[in-house]
Amino acid sequence: MSKSRRSRRNERRGEDSPPGAGRGPSRRAVLALGVIVALGAGLAAGFGAMRLLRPAPATPLPPGEIASPGPVAPPAVVPVFTDVTSTAGVRFRHENGATGKFYYPEVMGAGCAFFDHDGDGLLDIYFVNGNLLHPNEPSPGITNVLFRNNGDGTFADVTARSGAGDSGYGQGCAAADYDGDGDQDLYVTNYGLDVFFRNKGDGTFERAACVPLEEGWGQSCAFFDADGDGDLDLYAQRYLAYSLADSEPWYIAYGETRILDYCSPSGYLAQQDRLFRNRGDGTFEDVTPASGIIAPDGTGMGLACADFTGDGAPDIVVSNDTRPNFFFVNDGRGRFTEEGLVRGMAFNWEGGVEGFMGVEPADYNGDGLLDMAVPCIRTEGFNLFTNLGGSFREDSVAAGVDAATSGLTGFAPVFLDYDRDGDQDLFFTCGEVRMGKTAAGADASFEERYGMRSLLLENRGGRFADVSGFAGGFFGRRLIARSCAAGDYDNDGDIDLVVTVLGGEAVLLRNDTAGGNWIGFALAGKAPNRDAVGARLRLAAGGRTQTREVFAGGSYLAQRDRRQVFGLGKAEAITSLEVRWPNGATAVYENMPINRYHVLAQAE
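Below is a summary of the structure that appears in this document. The structure displayed is predicted, hence computed values, not measured ones. (Residues numbered from 1 in each chain as written. Predicted model: local features only at pLDDT ≥ 70, side-chain atom pairs only at ≥ 80, totals over all residues. Heavy atoms only, no water.)

### Some remarks on the pattern of salt bridges
Heads up, the rule is: When a carboxyl oxygen of Asp or Glu is within 4 Å of a side-chain nitrogen of Lys or Arg, the pair counts as a salt bridge. Summary of the burial criterion: residues with accessible area below 20% of their type's maximum are buried, those above 50% are exposed, and those between are partly exposed, where the area comes from a 1.4 Å probe applied to protein chains only.
One pass over the full model with this rule turns up 24 salt bridges. Between Arg-393 and Asp-395 there is a salt bridge whose closest N-O contact spans 2.8 Å. On the basis of relative accessible area, Arg-393 is assigned to the partly exposed category, the value being 43%. Judged by its relative accessible area of 11%, Asp-395 is buried. Between Glu-458 and Arg-460 there is a salt bridge, with its nearest N and O atoms 2.7 Å apart. Judged by relative accessible area, which is 6%, Glu-458 ranks as buried. A relative accessible area of 32% means that Arg-460 is categorised as partly exposed.

What follows is the structure, encoded as structure tokens:
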């Protein structure tokens, strides 16, 4: 019998946090914490000056990597993901600036995006990069990289020509047409000062001082219409108050040897996230306090801006590293109330905090509500929050996710229907954050110490099975995978993946699965929200209904293809498609040819 999350977490006590912080709190502690969280909403101003707390003493490692569950039955449709990185001409290596001092930003990785930067109808790839760290000076030759899709399965590096090659210490990114002029603009978060790139409409970008930025540790970000005025606003996540100059060494115990390693977020105070309102004139204003986004103790890693409550207004989910998650409920006018505790998604099913990482929304069980996948640290088991109609139940154990993931540390969750059978499967990037396998040895290479296999789970009627072993050679490699963007870069109707690797070469995975029929949609909204961010689609076909929503950023540092591809299985026609546009107007479509994309324009 597999171990419970609590027993597994007790085994790793101290590895990821100071003594006493590794175990889930009692019910009394959960209630007390809820009161503290609620009271903390009014204390944001008092947390402006962040200070470093004392690191925990050396603590023993747990015994080895936890075994994954036994073999599963072969899938009805065998997944095939082909590594085409080299043949596609995608050559990007992430620079984390490691110097042997184990500065915390080194272990975070960086994001990526699938988006059409030049308006030719093809998905291009943007990679966010790090840079050198103290005592070295940042190199202007180390930049983010933009690859243009050539339309023949290959990509060309157009970074210099496009002007999108920032040399900051990059983290995440999001792309959208924020000013309604018909092209894709780009926001990049940094450890340092974020960057806003305005698209000039000719495939090139210019830096724009349109957001009131300040130094910080940026993480995931997303464009969405927070206040319902039609303009796309911007949520910029912040992580920790961490300074390279003031950092202190963090050690773990390896036998009787103390080994320098990456620290825990529990040793640092957090930074306040920011919400920027689009003024409609090409600039943004900071409306964080006025909007109710007051949560100074958040260590945000993952972000989702979507309508979880079903009222037509986008809510905000922030997954926090070793601290309770936030659920900001939108009143429809851009005023938010934090209700993570009462809505059932602040903690795991045992009432404990975990090293919550990215967050991805999707309707995995076909009930028309957006659920959430949230990976976390090895031994904890990844989380699957089922939407019960605005509140949530953590169902990872019942759904098989816990058993499949307890031996892994996950970062980016991606819902995708890889076999086009009409339900949402799950992909997770995986890679350690601290030395987690005693078998690796104190003198092992960086990749050996932190590398893990990534994970593909097939949805089998609401319960998930690990089918990674069937999916191709990538899933047998131990990499320090971090971010992932999903999208159909070759326009063949299935979802491909691009994966970033910490300090390593990015991977482009082409989906070659012989799946079912499909139909795809690109939505063209009314200006200024031409990307139709926030639109909801409900497609009926083959006796089932599928629900999707259009996002622009979030997850873990990534931007996925905004087009919506629906798997139809053996169905040879759709019954209907209903689109709820961002302004609440609805349209119904019927008699649409399958196995092709359709462009749907919102009526004037």
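The rest of the description comes next.
### Overview of the nonpolar core
Here is a general trend for soluble globular proteins: nonpolar side chains tend to be buried in one another's company. Applicable threshold: Grouping buried Ala, Val, Leu, Ile, Met, Phe, Trp, Tyr and Cys residues that are joined through side-chain atoms within 4.5 Å yields what is termed a nonpolar core. Helix and strand definitions here come from DSSP, where helices need a minimum of 4 consecutive H or I residues and strands a minimum of 2 consecutive E residues; each element is numbered from the N-terminal end. Should any heavy atoms of two residues lie within 4.5 Å, those residues are counted as being in contact.
Within the largest apolar cluster, 51 residues are counted, with the highest numbers of intra-cluster contacts made by Phe-81, Tyr-104, Tyr-242, Phe-427 and Leu-497. Sorting the residues of this core by element identifies β24 (410–416), β28 (481–487), β29 (496–501) and β30 (507–511) as the ones contributing at least two each. Broken down by element, this core gets its largest block of residues, 4 residues, from β24. Here Leu-497 is in contact with Phe-81, Phe-114, Val-414, Leu-416, Phe-427, Cys-484, Ala-485, Ala-486, Val-507, Leu-508 and Leu-509, once residues within four sequence places are set aside. Counting residues in each nonpolar core, the second largest holds 19 residues, with Ala-535, Val-550, Ala-571 and Leu-577 among its members.

### Notes on the packing of aromatic side chains
Selection criterion: Two aromatic rings, drawn from Phe, Tyr or Trp (for Trp, its six-membered ring), form a pair once their centres lie within 6.5 Å of each other, and the interplanar angle then sorts them: stacked below 30 degrees, edge-to-face above 60, tilted otherwise.
For the structure shown, the criterion picks out 33 aromatic pairs. Seen from their ring centres, Tyr-364 and Phe-464 are 5.8 Å apart, and the 45 degrees between their planes marks the pair as tilted. Of this pair, Tyr-364 sits in the loop between β20 (360–362) and β21 (371–374) while Phe-464 sits in strand β27 (residues 463–466); the two residues are 100 residues apart in sequence, bridging distant segments of the chain. Both residues of the pair, Tyr-364 and Phe-464, count as buried. Here a set of aromatic residues connected by ring pairs shows up, and it is made of Tyr-104, Tyr-169, Tyr-191, Trp-217, Tyr-239, Tyr-242 and Tyr-268.

### Overview of the environment of Glu-214
Within the secondary structure, Glu-214 sits in the loop between β9 (205–207) and β10 (216–224). By relative accessible area, Glu-214 is classed as partly exposed at 46%. For Glu-214, the contacting residues outside a window of four places in its chain are Gly-192, Leu-193, Arg-238 and Arg-274.

### Some remarks on empty space enclosed by the protein
Using the following cut-off: Every definition here rests on a 1 Å grid over the protein atoms only: cavities are sets of points where a 1.4 Å probe fits but cannot get out, pockets are open sets enclosed by protein on both sides within 12 Å along at least five of seven lines, and lining residues have some atom within 4 Å of a point. Grid points are joined across faces, edges and corners, and a volume is the space filled by probe spheres set on the points. Asp, Glu, Lys and Arg are counted as charged, while Ala, Val, Leu, Ile, Met, Phe, Trp, Tyr, Cys and Pro are counted as nonpolar; the rest, among them Gly, fall into the polar class.
For the structure shown, the criterion picks out 4 cavities of 30 Å³ or more. Lining the largest cavity are 25 residues, and of these Phe-415, Gln-424, Arg-548, Arg-560 and Gln-564 lie nearest its centre. Tallied by class, residues from the lining of the largest cavity come to 9 nonpolar, 6 polar and 10 charged. In this model, the second largest cavity occupies a volume close to 150 Å³. Along its surface, the second largest cavity is lined by 18 residues, and Glu-360, Gly-553, Gly-554, Ser-555 and Arg-560 are the ones closest to its centre. Broken down by secondary-structure element, the contributors of at least two residues to the lining of the second largest cavity are β16 (300–306), β20, β24, β28 and β34 (558–559). By residue number, the principal contributor to the lining of the second largest cavity is β16, which donates 3 residues.

### Thoughts on the layout of surface pockets
For the largest pocket, the calculated volume is near 740 Å³. As for the largest pocket, its lining consists of 33 residues, and the residues nearest its centre are Asp-116, Gln-184, Ala-522, Asp-531 and Arg-562. Of all elements in the fold, only β2 (112–115), β31 (517–524) and β38 (597–601) reach the threshold of two or more residues within the lining of the largest pocket. The dominant element in the lining of the largest pocket, judged by the number of residues it contributes, is β31, at 4 residues. For the lining of the largest pocket, the class distribution of residues is 11 nonpolar, 11 polar and 11 charged.

### Some thoughts on the sheet that holds strand β23 (residues 392–394)
Selection criterion: Strands pair, by our definition, only if DSSP identifies at least two bridges between them. The convention used is that axes are lines fitted to C-alpha atoms, helices contributing only their stretch in contact, and that angles between N-to-C directions extend from 0 to 180 degrees.
Spatially, 4 strands are ordered β20-β21-β22-β23 in an open sheet, and the strand pairing comes out antiparallel. Two strands close off the open sheet at either side, each with one partner strand: β20 and β23. Recorded for the sheet is a direction-independent mean angle of 25 degrees between the axes of neighbouring strands. The sheet contact formed by β21 and strand β22 (residues 383–387) spans 3 bridges and is antiparallel. Note that in β22 the partner of Met-372 across the bridge is Phe-385.

These values are about where atoms sit, not about what they do.
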